[in-house]
Each structure stands twice: as structure tokens, then as C-alpha cells.
Amino acid sequence: MRYISTRGEASPRDFEGVLLAGLAEDGGLFVPETWPVLTTAEWRALRGLPYPALAARVLALFTGGQPDEAALKPLLEKAYAGFGHPAVCPLVQLDTRVFALELFHGPTLAFKDMAMQALGLLFDTTLARRGERVTIVGATSGDTGSAAIEACRDREAVDIVILHPEGRTSAVQRRQMTTVLSPNVANLAISGSFDDCQDLVKAMFADAPFRGEMKLAAVNSINWARVALQIPYYVASALALGAPDREVAFSVPTGNFGNVLAAWAARRMGLPIAQLIVGSNRNDILTRFLAANDMTVRSVEPSLSPSMDIQVSSNFERLLFELLHRDAGATAETMRRFRTEGRMPIPDTAWSEATQIFRGFALDDAGTLQEIGRLWRDCGYLADPHTAVGTAAALAVPPTDPAIPMVVAATAHPAKFPDAVHKATGISPPLPSRLADLYDRPERFTRLPAELDAIEGFVRAHARRNTA
Ligand SMILES: *Cc1c(COP(=O)(O)O)cnc(C)c1O
């Protein structure tokens, strides 16, 4: 299994190569050279497997034997051992047609743990075998950072520096990052938006000497391994609801487009997915794109669902590459114009192809609170604001067929966003016991302006490989 860049100028890599590289050196994103496609019999054979075993089988389709399924299985069993539910990601029925796929039973209570807990172990085993170290840098709007830090804390071969937009993450999100005092962990509070943080990370990767000197690696959602590790839960939930002998649909609250891209990948692999609904908050660039082929960047507005406060969805480039029939030159040119003009020129034929599968729906904060209240009153279900965007989108978009079950990705635990949940329901969802003392733990972070020099200087000083 080889990986190519969406911009066509980077040399192909194997799975370990893309795991450690993150972004391709031409600025593109790695994608499989060919998609594995399963037969109906092969999908059926995955039914009933425990989640780690199913995930190992699916991930092995993307690793080309290094590591192989036999090595992946214990690794994934370890990754999911600390999750708070024996099914890892259980399905909860909300009404006749709609189900919540709970992806938040990991250590940081958000779906990022599903990929990140495994990614940390994949990094460690791969680096140990190669005798290498890396410095992970990442940008977070809240959940990626804490999930990455939990996955990498105290690991021998890894230093990690996470940038978050100061004041734009919830207190729980910030504390889940800043209360980790391990020597290999550093948190930077950047005066700017999440997109500023993401741009700074991209600029560090684009700075070839710095990238080489620090052995930079990425664990944000541009890393292919993360997308790959998100495919199995779409498979598991679809199988539980009758696939491959029955179609399913998914509604995914979306920011960087990584989670829903994994659902698209499962569909590309032959899983019968009838429809993918992309839920957004007031930062509705994807909704505008899907409604009217208008991918125009506006300023990022804070919302009740901060992990979706994003205008530039970095994983969209992987879909764009496919919509342009894998024309890397056209993809590179489209991305260049998006960057310089703030508007992505997508041919109408490619856009209408996207609308065959994807539908968009945007919900403002008032609507989000209403939906959290409705879910509690009507279904007895406490949902966080991100999940509520997903359920509202699932109900707002007409189904292709009402007999097709609709699965909503429940991406965060309600206790992660207690203020919104309390406002909407009057209930303060308690943190699970392992996090109960979060508000009493000391914090450590450094404030920096959104300037590349300052950030690179900090990373240089922090990385242990540099001071050892
Ligand atoms: C990261 C995140 C999202 C958005 O996922 P993407 O892969 O960036 O689209 C949605 N909800 C929660 C709770 C998240 O942490």
C-alpha cells in the first residue's frame, strides 16, 4: 500500500512514512494510491468482532503489512482498554430512525481519542523500532490537543507542543491540556483564532530546515493514520444496523472534515452509505459550499461548539482531490487560489458530484441550545453542543429513504461542555470519576503572539532532542 500526495509533487510513501510525515513536503495531503474495496462477503465477515479486532482488520487494509493485522490487534486492544464502555463506541437509539454513535468514552471525552490513543502507540512502536525521536506540533480548537497530549504524555520517543487559540476553548478543554505537567508536553496559548494556530503549524512544516532539525511530526487530522483510524467505527456501526445488507446514513458534526472524510472513505471502500450529512455551527462554509458551490472564507466566529469554529477545513483537500478525479495539478492550483483569493473555485460538475453524497446543515447557538433541550425532553438524552448540531442536521435534511437508519456521530461527552448543557436542560452533567479533580489540578502554559519566529524559538528550546 503506497500513499501519494494530493498535490502530486511529493514522492510516494508507505504507511509508516505517512504516519511520521503528516503533511507531504509539497504541502499536500497523503491519500492511498488505490482504495481497498471489500466484497459483501468480506463486510459480513467483520460482523460481531470486538471493536479492537474489527479496527485491526480494517486498519491492516491501509498498512501494507507494516504493521500487520497480528501486530495491530494487541496495539488496538491496548489503545481502547482505558475506554469507559466495553463496546468502546456504543450505539444509542434516540428515536425510530436516529441513533447516536458515542465516540466519547475515551480519556478526554471526545471522539479524537478514538484515533489518537492508537496513534500514540503507533508512533511509539514505530519510532522505537527505528531508533528515532520526533517533535509533534499541532494546532487545536480544543479537543485534538488534549487527545494528542493524552496519547503522547510521558512517551520516550516523542516531545509534543500544542497551540491553542487563547480564550477560545472551553475551560474543560483547556485544563485537559494544561494540567498535563509531563516534561515532554508543552502548551502554547496563541493570541489569535484556531485558523491562525493551524496556519502557524503549517508554516513550521513548510519551513524545511526547521522541520528537519526538529524532526517535526503531526498528529492533527491531516495525518492519514488518524483518518484511517476513524474508518472502523463507521464500519462497526453500519454492520450493527444491518450493513452490508442494508444501507445506512451518517450525520457528522464537522470542523476540519476529518471525521466525515473517514465516513466517505468507508463508503469508497464499498460500505453501503446512502448519505453523509455535514453539520456546522455558524461557521458554515461547508454548508454554503454544499448548498451553492460557495466555498468562501469568512472570519471565524466563536460558538457553543468550539471544535467546529473553523473556516478552512484542511481535510477537505482529500475530497477535492477525488472530486477532481485525482488530478493533482488541478488540486494544487485550486488550493493555491483558495489561499490567495479566499474562495475555492470548484467546477460545477465536481460540486454536483459532491452533492450526490453530502448534504450540509448549519445551526446557530440558539438552535443548538434548543436541540440539546429537545433531546433531553423527548429522548432522555443529554447531548453536548457538537452532537446536538449533528442530531439537528440529521432531522433537518430529508432522508433519501426513511427506512434507512441515520447514525449521528456523538463527538463529545456532555460534561465536556457543562455550561451549554446546563443552560439548555437545567442539568449539570458530572465529569466521569477519573476526571473529577480536573478543576483542582495546577495548569502550565505559555502565552505567545501568532508569530512564526516566536513559536519556532519556543519549540527549539522545548524539544528534548535539542537539549540532550
Ligand atoms: C474535532 C471535533 C469535531 C470536528 O471533527 P473534524 O474531524 O475536525 O471535522 C466535532 N466535534 C468534536 C467534539 C470535536 O472534538
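Fair warning: this is a prediction, and the values are worked out from it, not measured in the lab.

Just to check I follow, could you spell out the side chain of T108 for this structure?
Relative to the helices and strands, T108 is located in the loop between β4 (98-102) and α5 (112-130). In contact with T108, other than residues within four places in its own chain, are D113, S146, A147, E150, Q176 and K416.

Even after reading the chapter, I still don't get the pairing of strand β12 (residues 406-410), so can you show me in this structure?
Look at any regular strand and the pattern is simple: side chains alternate between the two faces of the sheet. Burial within β12 is extensive, with 5 of its 5 residues counted as buried. Alternating residues of β12 divide into M406, V408 and A410 and V407 and A409, and every residue in both groups is buried. Summarising the sheet, β4 and β12 pair through 5 bridges and their orientation is parallel. From the neighbouring strand, F99 faces β12, where its bridge partner is V407.

Would you take a moment to explain the nonpolar core for this structure?
Nonpolar side chains in soluble globular proteins generally cluster together in the buried interior. Counting 107 residues, the largest nonpolar core has F123, F316 and F358 as the members making the most contacts within it. Looking at this core element by element, the count peaks at 11 residues for helix α10 (residues 224-240). The two domains that each donate at least three residues to this core are domain 1 (91-107 + 230-425) and domain 2 (112-222 + 441-467). V161, L163, M214 and A218 belong to the second-largest nonpolar core, a separate cluster that totals 25 residues.

I would appreciate a short explanation of the domain arrangement of the chain in the present structure.
Accessible area lost during the coming together of the parts is what is often quoted as the interface size. Splitting the chain by domain gives domain 1 (91-107 + 230-425) and domain 2 (112-222 + 441-467). Measuring from the centre of the C-alpha atoms in domain 1 to the corresponding centre in domain 2 gives 26 Å. Between domain 1 and domain 2, the residue contacts involve 21 residues of the former and 20 residues of the latter. Counting the surface domain 1 buries against domain 2, the share from its top three residues, P107, S307 and K416, is 30%.

Where do I start with the site of the ligand in this structure?
Around the ligand there are 15 residues in total, and K112, D143, G255, N256 and T411 lie nearest to it. S307 places a side-chain nitrogen or oxygen 3.5 Å from an oxygen atom of the ligand. Taken together, the residues of the shell around the ligand break down into 5 nonpolar, 8 polar and 2 charged.

Sorry, what's going on with unusual backbone geometry here?
Most peptide bonds take the trans form, and the phi angle of most residues other than glycine is negative. Note the cis peptide between Q66 and P67, where omega equals -5 degrees. Residue placement: P67 occurs in the loop between α3 (51-63) and α4 (69-81). That bond from A243 to P244 is cis: its omega, 5 degrees, falls within 30 degrees of zero. Mapped onto the elements of the fold, P244 is located in the loop between α10 and β9 (248-253). The backbone of F257 sits at a positive phi, close to 75 degrees, despite the residue not being glycine. Locating F257 in the fold gives a position in the loop between β9 and α11 (258-268).

Help me out: how do you make sense of the packing of aromatic side chains in this one?
The description of an aromatic ring pair uses the distance of the two centres, along with the angle that the planes make with each other. Per the counting criterion, the structure on display carries 12 aromatic pairs. Ring centres of Y51 and Y80 lie 5.4 Å apart, and the angle between their planes is 75 degrees; this geometry places the pair in the edge-to-face category. Separated by 29 residues along the polypeptide, Y51 in helix α3 and Y80 in helix α4 bring together distant segments of the chain. Each ring, one from Y233 and one from Y234, has its centre 5.0 Å from the other, and the planes form 45 degrees; the classification is tilted. Since its relative accessible area comes to 0%, Y234 is described here as buried. Among the aromatic residues, those joined into a ring-pair cluster are Y3, W35, F62, W224 and W264.

What is the right way to read the sheet that holds strand β8 (residues 216-217) from this model?
Backbone hydrogen bonds hold the strands of a sheet together, and the pairing may be parallel or antiparallel. Reading across from one edge, β8-β5-β6-β7-β13 is the order of the 5 strands in this open sheet, with parallel pairing throughout. The sheet is open, and its two edges are formed by β8 and β13 (446-449), each paired on a single side. The pairing of strand β5 (residues 134-139) with β8 spans 2 bridges and is classified as parallel. Following the sheet pairing, I136 is matched in β8 by A217. Strands β5, β6 (158-165), β7 (185-191) and β13 of the sheet are contacted by helix α19 (residues 452-462), whose axis makes an angle of about 170 degrees with β7.

Sorry, what's going on with the pairing of β6 here?
Most of β6 sits out of view: 8 of its 8 residues are buried. Side chains V158, I160, I162 and H164 of β6 all project onto a buried face; the interleaved residues D159, V161, L163 and P165 project onto the opposite face, where all are buried too. Of the strand pairs in this sheet, β5 and β6 are connected by 6 bridges, and their pairing is parallel. Paired with G138 across the two strands is I162, which belongs to β6. With helix α6 (residues 143-152) bridging β5 and the parallel β6, this β-α-β connection has right-handed handedness. In this structure, β6 lies alongside β7, joined through 6 bridges in parallel fashion. When the bridges of β7 are listed, V161 appears paired with A186. Taken together, β6, helix α7 (residues 171-178) and β7 form a β-α-β motif whose crossover is right-handed.

Reading guide: rules and limits
Here the residue index of a chain counts from 1 through its sequence in written order. The predicted nature of this model means local features are confined to residues of pLDDT at least 70 and side-chain atom pairs, given and counted, to a pLDDT of 80 or more, with totals for whole chains, interfaces and linings taken over all residues. Think of the side-chain values as coming from all heavy atoms in the structure, minus any hydrogens and water. Strands here mean DSSP runs of E at least two residues long; helices mean DSSP runs of H or I at least four residues long; both are numbered from the N terminus. Every residue pair with non-hydrogen atoms within 4.5 Å of one another is taken to be in contact. Residue burial is assigned from relative accessible area. The probe radius is 1.4 Å, only protein chains are included, and a residue is buried under 20% of its type maximum, exposed over 50%, and partly exposed in between. At least two bridges found by DSSP between two strands is the condition for calling them paired. Note on terminology: a nonpolar core comprises buried Ala, Val, Leu, Ile, Met, Phe, Trp, Tyr and Cys residues joined through side-chain atoms within 4.5 Å. For the domains described, the bounds stem from an automatic or database domain assignment. Two parts placed together each lose some accessible area under a 1.4 Å probe, and the buried area is that loss summed for both. Residues are classed as near a molecule or strand on a simple rule: at least one heavy atom within 4 Å of it. Counting of polar contacts relies on pairs of N or O atoms within 3.5 Å, with two restrictions inside protein: one atom must be capable of donating a hydrogen and the other of accepting it, and residues adjacent in sequence are counted only when both atoms are side-chain atoms. Residue classes follow a fixed rule: Ala, Val, Leu, Ile, Met, Phe, Trp, Tyr, Cys and Pro count as nonpolar, while Asp, Glu, Lys and Arg count as charged, and any other residue, Gly among them, counts as polar. The pairing test for Phe, Tyr and Trp rings, Trp by its six-membered ring, is centres within 6.5 Å, and the orientation test on the planes gives stacked under 30 degrees, edge-to-face over 60, and tilted for anything in between. Axis definition: a line fitted to C-alpha atoms, limited for helices to the stretch in contact. Angles are taken between N-to-C directions and run from 0 to 180 degrees. A clockwise path from the first strand over the helix to the second, with the strands pointing away from the viewer, defines a right-handed crossover.

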